[in-house]
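Secondary and tertiary structure notes
Single-letter residue listing:
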Amino acid sequence: MKRRLSFLVCLFPFFTANSQHISQEQKVSNLETFTRLCGYVRYFHPSDEAANLNWEKFIYYGSKEVEHASNPKELTQKLNGLFNPIAPSVQIVQDKQAKSFDLKSITPSIKAGMNEITWQHYGLGNDDGLYKSARTNRSIKIKDSKRSPFGVATSYLNPVTFRGKKFRLKGWMRTDVTTGQGQIWVRVDREGKERGFFENMDERPVKSKEWKAYEIAGTIDSDAKGFVFGAFLVGEGKVWVDNFTLEIEENGTWQKTPLLNSSFEQKDTQGWTTKTAGYKFETVKDAGADGQQALLISDNSTSEMVKSLFDEKPAFGAYFSKSIGNGISCVVPQVLLGTDSQTYPAANSSRLQELQKKVSETTPELMDASDVYVRLSSINIAWNVFQHFFPYKEEINLEWEKELTQALNAAYESKTRQEFGKALRIMTEKLKDGHVSVSFGEQNYFSIQADVAYVEGKILVSKADSLPLKAGDMILSINGTPAMDHFASLKREISGSDQWKNNNATSQFLYGNKNTELVLKISRDGTEQEFHFSRKGYRNPVEKPKIKRLEEGVYYVNIGNTEMKDISVMVSEFTSAKAIICDLRGYPRNNHEVINHLLSVQDKSKWMFVPRIVSPDYENVSYTGLGWNMSPQTPHISAKMIFLTGGGAISYAESFMGFIKHYKLATIVGQPTAGANGNVNQFTLPGNYAIRFTGMKVKLHDGGQMFNLGIQPDVFVNQTINGISAGRDEYLEKALELIK
């Protein structure tokens, strides 16, 4: 009997542990439900508690809480525990219990002095001035329209005597930020305008409220001519900086090198350059790090009361009910009543304080992608942005719900910052938006002085400067990987139309980290050869002519590198030209006013549409139409006009080409443009990832779809292997052929 009893006792821990085991499939399902609920409450429920929440930290904490729920009942309890303190009027119930919302639950006994509070989104609000998210009858921050992306304090040291030596730069910093962050940086300038060592703490930004020391170490380049360093604030908030020290290694020992005003004890930031638009720089009393003063960098945003951003808004009593998975629904009121200081009903203060305490104690100060909950939080935030604010779901038949499961699984499987960055790129590739990018401080854009092209299903060298490669060399493999496999792997991480993906993948084809080996196996005249290179620097831009007379009465104008002032000088001469070929295969140089000299009628078309969003899941969206309102201008150019364009023409270039196409101002020669236009929006994720996307809907002037299709040419041109090998510009050749 004793033996049997001890056997059962031994088995008990096994059964207990086994019953608590949650499969990854269940974890992902729990997190899907949590993710959907976060988006609905964050962007469409107007309680003050939810609006003032640090959502990054809440999502991190919440992901841990809900992940191990073993059944829908337990998950419902956990969700209520998380959301009741910040959204007490939101109902989280089993699907079968979801009922019509009881308006009495959000109606105060005394309404006097109360206003209706609801969310309005003019696109996804950010701080660039165009897109705004605001609650009615609540204040929002107004960014200085001239504010730079970051406010930087800079100092300088002549490094000639330290060339080739190791250094350690240390600085102290503390912050008061929500969306912003602080960073210390070092840049070594080399002879010949080359940039040497560079580090700006992109992968380890500072958000701590406590004084801490941060260090950057490296080697000063052997041809260094400038050692530039300092600190900066990205976006909104405050950063205090103090006590910079620089040490140089001399014969195995570290020697301290004097720096001017390194602790900001001197008046007026002497020795530092502190002029950045939209930021304030001042020395303040603070003895926390060193001495009695520190440098304070802060943004100069102001606050403004918003009655409403636009006319459309839900009325008091409006709500939505959504199934969020696992048999759970949420019922969310969209409008609350509130005084100037509090929405009704107010959250239970003790529960709110308890939640805030748990969130503060369990979330890391620095969000790093090596932490799985940072990765899961990033997927939560990114998925919701595109679920509720991406303007092109219908055009590409986007099934975004399916991507959530795959993205959460990828977050679990990723182990490094780079792996997760790749996962984010694969996720956002599904958007087919050429403006989409995922950046996280990678330094993998070093190359050799050569370009490649994708022609007739092959990867060819299209240009090589002072290298043993030749135009027309067919690349068979790169570092042992078949060329087309490498090309395909690049495209899997590039969002956009196929023409944009091809253009972008060829641009990145030779890229890698600095000083890494590049091995190319090529075929030339039927013979295979192998070449070894080192990626030492950036690809130097290829010099192209700006304005050139090709023959009597025929002119070439490169829209991509010619400023409007240079075009204006030539306009009178262009009026007597036989033909003008404008090259817009890249990005315009702020010269779209040339369109005025081609127009014969006043332009009144609206082709840019900013979404006005008040409901979740991009439902019932209205738009504000915008245009350029271009006007005919003298002298009028009546020459035969030809525009060259292709898959590398994106955004502003497509705004330009939209006029050329709609008003039939020229014959368009080449390939379709990229098919991604409209003001870019950007948001950041935990782990310091930044994602850009197209924030508005842009159409052709006749109302047709432009997204992912691009501006179609009148005359198509396909590059050929023979043309690349001979160094011919087949687009330009076709244009000249059409002139004759």
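How each quantity is defined
- Residues numbered from 1 in each chain as written.
- Predicted model: local features only at pLDDT ≥ 70, side-chain atom pairs only at ≥ 80, totals over all residues.
- Heavy atoms only, no water.
- Helix = DSSP H or I, 4+ residues; strand = E, 2+ residues; numbered from the N terminus.
- Rg over C-alpha atoms; globule rule 2.2 N^0.38 Å.
- Buried < 20%, exposed > 50% of the residue type's maximum accessible area, 1.4 Å probe, protein only.
- Contact = heavy atoms within 4.5 Å.
- Areas by Shrake-Rupley, 256 points an atom, 1.4 Å probe, with all protein chains shown as cover.
- Lys, Arg positive; Asp, Glu negative; His and termini not counted.
- Charge placed at Lys NZ, Arg CZ, Asp CG, Glu CD.
- Core = buried A, V, L, I, M, F, W, Y, C linked by side-chain atoms within 4.5 Å.
- Axes fitted to C-alpha atoms, helices over the stretch in contact; angles between N-to-C directions.
- Parallel < 35°, antiparallel > 145°, perpendicular 65-115°, else oblique.
- Nonpolar A, V, L, I, M, F, W, Y, C, P; charged D, E, K, R; others polar.
- Salt bridge = Lys/Arg side-chain N within 4 Å of Asp/Glu carboxyl O.

Focus: the overall build of the protein
A count of helices and strands for the protein gives 16 helices and 36 strands. Relative to the 2.2 N^0.38 estimate, which gives 27 Å for 740 residues, the radius of gyration of the protein is 29 Å and therefore close to what a compact globule would have. Oriented by its inertia axes, the alpha-carbon framework of the protein measures out at about 100 × 70 × 70 Å. Per-residue burial for the protein yields a buried fraction of 51% across its 740 residues. The long-range share in the protein, meaning contacts at least 24 apart out of those at least 6 apart in sequence, stands at 73%. Carbon and sulfur atoms make up 48% of the accessible area of the protein, which totals about 33800 Å². Side chains of the protein carry 89 positive and 84 negative charges; the gap between the two charge centres is 2 Å.

Some words on the nonpolar core
Membership of the largest hydrophobic core comes to 117 residues, with the highest contact counts inside it found for Trp-55, Phe-58, Phe-83, Ile-580 and Phe-643. The element best represented in this core is helix 7 (residues 372-389), accounting for 11 residues. In this structure Phe-58 touches Phe-34, Cys-38, Leu-53, Leu-82, Phe-83, Ile-86, Leu-355 and Val-359, once residues within four positions along its chain are discounted. Membership of the second largest hydrophobic core comes to 33 residues, among which are Leu-169, Val-186, Ile-216 and Ala-224.

Focus on the packing of helix 9 (residues 400-413) against helix 10 (residues 417-429)
At their nearest, the axes of helix 9 and helix 10 sit 10 Å apart, and the two run at 170° to each other. One element, helix 9, and the other, helix 10, form an angle in the roughly antiparallel class. Across the interface between the two elements, Trp-400, Ala-407, Ala-410, Ala-411 and Glu-413 from helix 9 touch Glu-419, Phe-420, Ala-423 and Met-427 from helix 10. When the residues that make up the contact of helix 9 with helix 10 are grouped by side-chain class, the tally is seven nonpolar, no polar and two charged.

Structural notes on the pattern of salt bridges
Across all of its chains, the model carries 41 salt bridges by this definition. Notably, a salt bridge pairs Glu-399 with Lys-402, separated by 3.0 Å at the nearest N-O pair. For Glu-429, the salt bridge goes to Lys-501, with nearest N and O atoms at 2.8 Å. In this pair, Glu-429 is assigned in helix 10 and Lys-501 in helix 12 (residues 498-508), connecting sequence segments 72 residues apart. The two residues Glu-429 and Lys-501 agree in class, both being buried.

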